[in-house]
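Close look at the chain arrangement
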Amino acid sequence: MDVILIAAVTQDGFIARHKSETVTWSKDLHLFKEQTMGFPVIMGSNTFNCIQKALTGRDIIVVHRNDNPGEILKNLNSEKCFIAGGGKTNARFFDYLTHAYLTPHPLIFGEGIPLFSDSVKEMELVLEKKIPVLPDAGIDQYQYKIK
Ligand SMILES: NC(=O)c1ccc[n+]([C@@H]2O[C@H](COP(=O)([O-])OP(=O)(O)OC[C@H]3O[C@@H](n4cnc5c(N)ncnc54)[C@H](OP(=O)(O)O)[C@@H]3O)[C@@H](O)[C@H]2O)c1
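These lines cover the structure that appears in this document, whether it is placed above or below. The residue count restarts for each chain, going from 1 along the sequence in the order it is written. Local features in a predicted model are, by the rule used here, given only for residues with pLDDT of at least 70; side-chain atom pairs are given and counted only at 80 or more, and totals for whole chains, interfaces and linings are based on all residues.

1. Observations regarding the overall build of the protein chain
- By definition, any uninterrupted DSSP run of H or I lasting at least four residues is a helix, any uninterrupted run of E lasting at least two residues is a strand, and each is numbered from the N terminus. A count of helical and extended segments in the protein chain gives four helices and nine strands.
- Secondary structure elements of the protein chain occur, N-terminal to C-terminal, as β-β-α-β-α-β-α-β-α-β-β-β-β.
- Within these notes, the globule rule equals 2.2 Å times the number of residues to the 0.38 power, and the radius of gyration is based on C-alpha atoms. Expected size for 147 residues packed as a compact globule is a radius of gyration near 15 Å; at 14 Å, the protein chain falls within 12% of this value.
- Counting other C-beta atoms within 10 Å of its own, a residue is labelled buried from 20 upward, exposed at 12 or fewer, and partly exposed in the gap between, with every C-beta atom placed from the backbone. The 147 residues of the protein chain split such that 30% are buried.

2. Brief notes about the environment of Ile4
- Within the secondary structure, Ile4 is located in strand β1 (residues 2-10).
- As for Ile4 and Gly86, which are separated by 82 residues in sequence, their C-alpha atoms are 14 Å apart.

3. Focus: the pairing of strand β6 (residues 99-105)
- The rule for pairing is simple: two strands pair if DSSP sees at least two bridges between them. In terms of strand pairing, β1 meets β6 through seven bridges, oriented parallel. Paired with Ala7 across the two strands is Leu102, which belongs to β6.
- Across four bridges, the pairing between β6 and strand β9 (residues 139-146) is antiparallel. Within the sheet, the bridge partner assigned to Tyr101 lies in β9 and is Gln143.

4. Some remarks on the site of the ligand
- Nearness is defined per residue: the C-beta atom, placed using the backbone, must lie within 6 Å of the molecule or strand. Residues in close proximity to the ligand total 27 residues, the closest being Gly44, Ser45, Asn46, Gly85 and Gly86.
- Mapped by element, the contributors of at least two residues to the shell around the ligand are β1, β2 (14-16), β3 (40-44), α2 (45-50) and α4 (87-92).
- Of all the elements, α2 adds the most residues to the shell around the ligand, at four residues.
- The nonpolar class holds Ala, Val, Leu, Ile, Met, Phe, Trp, Tyr, Cys and Pro. Asp, Glu, Lys and Arg form the charged class, and all remaining residues, Gly among them, are polar. Class assignment of the residues belonging to the shell around the ligand gives a composition of 10 nonpolar, 13 polar and four charged.

5. Some thoughts on the nonpolar core
- The term nonpolar core means buried Ala, Val, Leu, Ile, Met, Phe, Trp, Tyr and Cys residues held together as one set by C-beta atoms within 7 Å. Ile6, Ile42, Phe82 and Ile83 are the most contacted members of the largest nonpolar core, which has 26 residues in total.
- Listed by contribution, the elements that provide at least two residues to this core are β1, β2, β3, β5 (80-83) and β6.
- Broken down by element, the residue count for this core peaks at six residues, all from β1.

6. A short note on unusual backbone geometry
- Look at the link from Gly85 to Gly86: it is a cis peptide, with omega at -5°.
- Mapped onto the elements of the fold, Gly86 is located in the loop between β5 and α4.

7. Observations concerning the sheet that holds β5
- An order of β4-β3-β5-β1-β6-β9-β8 is seen for the seven strands of this open sheet, with the pairing classed as mixed. A strand with exactly one partner marks an edge of an open sheet, and here the two such strands are β4 (59-63) and β8 (125-134). Neighbour-to-neighbour, the strand axes of the sheet open up by a mean angle of 20°, direction not taken into account. Note on definitions: angles span 0 to 180 degrees between N-to-C directions of axes, and those axes are lines fitted to C-alpha atoms, for helices only across the stretch in contact.

8. Some words on the environment of Leu125
- As for its placement among the helices and strands, Leu125 is situated in strand β8.
- Expressed as a C-alpha distance, the spacing of Leu125 and Lys27, which sit 98 residues apart in the sequence, is 23 Å.
- Leu125 has contacts with Ala100, Tyr144, Ile146 and Lys147, leaving out every residue within four places of it along the chain. What counts as a contact here is a pair of residues whose C-beta atoms, placed from the backbone, lie within 7 Å.

9. Quick look at the environment of Asp2
- Looking at the secondary structure, you find Asp2 in strand β1.
- Look at Asp2 and you get partly exposed, because 13 C-beta atoms sit within 10 Å.
- Ignoring any residue separated from it by four or fewer positions in sequence, one finds Asp2 in contact with Glu79, Lys80, Thr98 and His99.

Honestly, that's just the spatial picture; any functional story needs more than this.
If you want it as structure tokens, here you go:
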């Protein structure tokens, strides 16, 4: 099963200013909706609490501290699933990731919630596809396979 990290990031690697920020600055929400439709979407409880509207058409799995990432993934019967934040959850599923869909935005926060909240090992990414989001603003989604 493909396990795909999906995130909008600032140029200094943050996904939010603080843990209860609802991300209104991302320009790729339409892609998120389109790409995750019909597949399980895994997210942490802080992220779930930040989402105003339910993500209909997807099986949303909210992860808590006592959950076991490997067990959650083992129980899924799908060709792919998405890891949709936040930083803590991305770090907990890091070892299982096969792909990363990242959309860098022209922003610098200086501090906040990083893409991975805990230290993770180095990984090499191989670009598979680049999808234009807002070409005039230089915003694209980069779809990487993890080597
Ligand atoms: N830019 C983007 O693409 C994007 C995407 C997703 C999310 N976000 C943003 O990211 C932010 C949330 O990120 P986050 O990292 O704070 O939260 P998160 O990963 O969404 O949720 C926190 C997770 O960590 C667990 N946890 C909390 N305290 C813990 C502890 N002391 N030890 C072990 N586990 C613990 C929680 O479990 P419990 O439920 O048991 O507390 C929960 O599973 C929000 O602002 C959200 O909008 C941005």
